[in-house]
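The primary structure of each chain is shown beneath.
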Amino acid sequence: MYRDEASMYPGFPELLRDLIDAPHIRVGVVTRNVTHEPAETLARLFARHDLDVGQLDFFHCLSLTQNKASYFKFERDERDINPARAYVCGDEHKDYTAAVESGMHPFIASYGFESFTRLTGKFGIPAVLISPTPQAMGARLRHALDLAPST
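To start, this report covers the structure provided alongside it. (Residues numbered from 1 in each chain as written. Predicted model: local features only at pLDDT ≥ 70, side-chain atom pairs only at ≥ 80, totals over all residues. Heavy atoms only, no water.)

### A few points about the overall build of the protein chain
Inference 1: Helix and strand counts for the protein chain stand at seven helices and five strands.
Inference 2: Seen in sequence order, the protein chain has helices and strands lined up from the N terminus as α-α-β-α-β-α-β-α-β-α-β-α.
Inference 3: Taken over C-alpha atoms, the radius of gyration comes to 15 Å for the protein chain, in line with the 15 Å a tight globule of 151 residues would show.
Inference 4: Seen through its principal axes, the protein chain has C-alpha atoms that stretch 35 × 35 × 35 Å. (Helix = DSSP H or I, 4+ residues; strand = E, 2+ residues; numbered from the N terminus. Rg over C-alpha atoms; globule rule 2.2 N^0.38 Å.)

Dropping the structure here:
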């Protein structure tokens, strides 16, 4: 079902297009997506929204046991990205940890994999870093990157 029917959150396809089109921004995906052939599944999801994963600067599908931090560090170093201007968006405590380990600022969502209570209570992630909705996450990221607000 995920491969053939899932949709991105409202506003995310437009946000991704704006990120991809911005010449000063590098955008990619590092995912531990639990699905058969994750690269193909995500390519189809993107295509349903008129997006091509080939337009991303990087795209890594990891196993559940792999840590994202080494991939974040590699891409940051490979692309000569200033850690002070590097961001990670995610929806679980492991994304937060990987962002911090790699010297990047975390943008964490509580509407996805883990709840706000779990993220703040169990893992001690500061509430101010957590976006409660996809729209809030998009607005926060647009603001940080000096992109025009969505309309």
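### With respect to helix H7 (residues 134-144)
Inference 1: Turning to H7, its buried residues number three or more, namely Pro-134, Met-137, Gly-138, Leu-141 and Arg-142. With its buried residues spanning 130 degrees around the axis, H7 presents them on a single face.
Inference 2: Against helix H2 (12-21), strand E3 (87-90), strand E4 (105-109) and strand E5 (130-131) lie the buried residues of H7.
Inference 3: Where H7 terminates, the next one or two residues include Asp-146, which has phi positive at roughly 60 degrees. (Buried < 20%, exposed > 50% of the residue type's maximum accessible area, 1.4 Å probe, protein only. Arc of directions from axis to C-beta. Contact = heavy atoms within 4.5 Å.)

### With respect to the pairing of E4
Inference 1: Counting buried residues in E4 gives four out of five residues, a clear majority hidden from the surface.
Inference 2: As paired elements, E3 and E4 share four bridges and run parallel to each other. Opposite Gly-90, over in E4, you have Ile-108 as the bridge partner.
Inference 3: In this fold, E3 hands off to helix H5 (residues 93-101), which returns the chain to E4; that crossover is right-handed. (Pairing = 2+ DSSP bridges. Right-handed = clockwise from strand over helix to strand, strands pointing away.)

### Looking at H5
Inference 1: Buried within H5 are the following residues: His-93, Asp-95, Tyr-96, Ala-98 and Ala-99.
Inference 2: Where H5 is buried, its residues meet helix H4 (68-78), E3, E4 and helix H6 (116-122).
Inference 3: Following H5 by one or two positions, Gly-103 adopts a phi angle in the positive range, close to 80 degrees.

### A few points about the packing of H2 against H7
Inference 1: Contact geometry of H2 with H7 gives a least axis separation of 10 Å together with a crossing angle of 15 degrees. Between H2 and H7, the crossing angle belongs to the class labelled roughly parallel. For the pair H2 and H7, the crossing hand works out as left-handed. Facing H2, whose interface residues are Phe-12, Glu-14, Leu-15, Asp-18 and Leu-19, H7 presents Pro-134, Met-137, Gly-138, Leu-141 and Arg-142. (Axes fitted to C-alpha atoms, helices over the stretch in contact; angles between N-to-C directions. Parallel < 35°, antiparallel > 145°, perpendicular 65-115°, else oblique. Left-handed = near helix turned anticlockwise from the far one by under 90°.)

### With respect to the packing of aromatic side chains
Within a pair of aromatic rings, the relevant descriptors are the distance that separates the centres and the angle that separates the planes.
Inference 1: Summed over the entire model, instances satisfying the criterion amount to three aromatic pairs.
Inference 2: Taken together, a centroid distance of 5.2 Å and an interplanar angle of 70 degrees make the contact between Tyr-87 and Phe-107 edge-to-face. Linking Tyr-87 in strand E3 with Phe-107 in strand E4, this pair joins segments that are 20 residues apart in sequence.
Inference 3: Under the relative-accessibility criterion, Tyr-87 is labelled partly exposed at 26%.
Inference 4: The structure contains a cluster of three or more aromatic residues connected by ring pairs, namely Tyr-9, Phe-12 and Tyr-111. (Phe/Tyr/Trp six-rings, centres within 6.5 Å; stacked < 30°, edge-to-face > 60°.)

### A word on the environment of Ala-84
Inference 1: Relative to the helices and strands, Ala-84 resides in the loop between H4 and E3.
Inference 2: Along the backbone, Ala-84 and His-105 are 21 residues apart, and their C-alpha atoms lie at a distance of 7.5 Å.

### With respect to the nonpolar core
Inference 1: Grouped together as the largest cluster of nonpolar side chains are 22 residues, with contacts concentrated most on Leu-16, Leu-19, Phe-46 and Leu-56.
Inference 2: Looking at this core, the elements that each hand over two or more residues are H2, helix H3 (38-48), E4 and H7.
Inference 3: No other element matches the four residues that H2 contributes to this core.
Inference 4: Ignoring sequence-local partners within four residues, the contact set of Leu-19 consists of Ile-25, Val-27, Leu-141, Leu-145 and Leu-147.
Inference 5: Leu-62, Ala-86, Val-88 and Ala-99 belong to the second-largest nonpolar core, a separate cluster that totals 10 residues. (Core = buried A, V, L, I, M, F, W, Y, C linked by side-chain atoms within 4.5 Å.)

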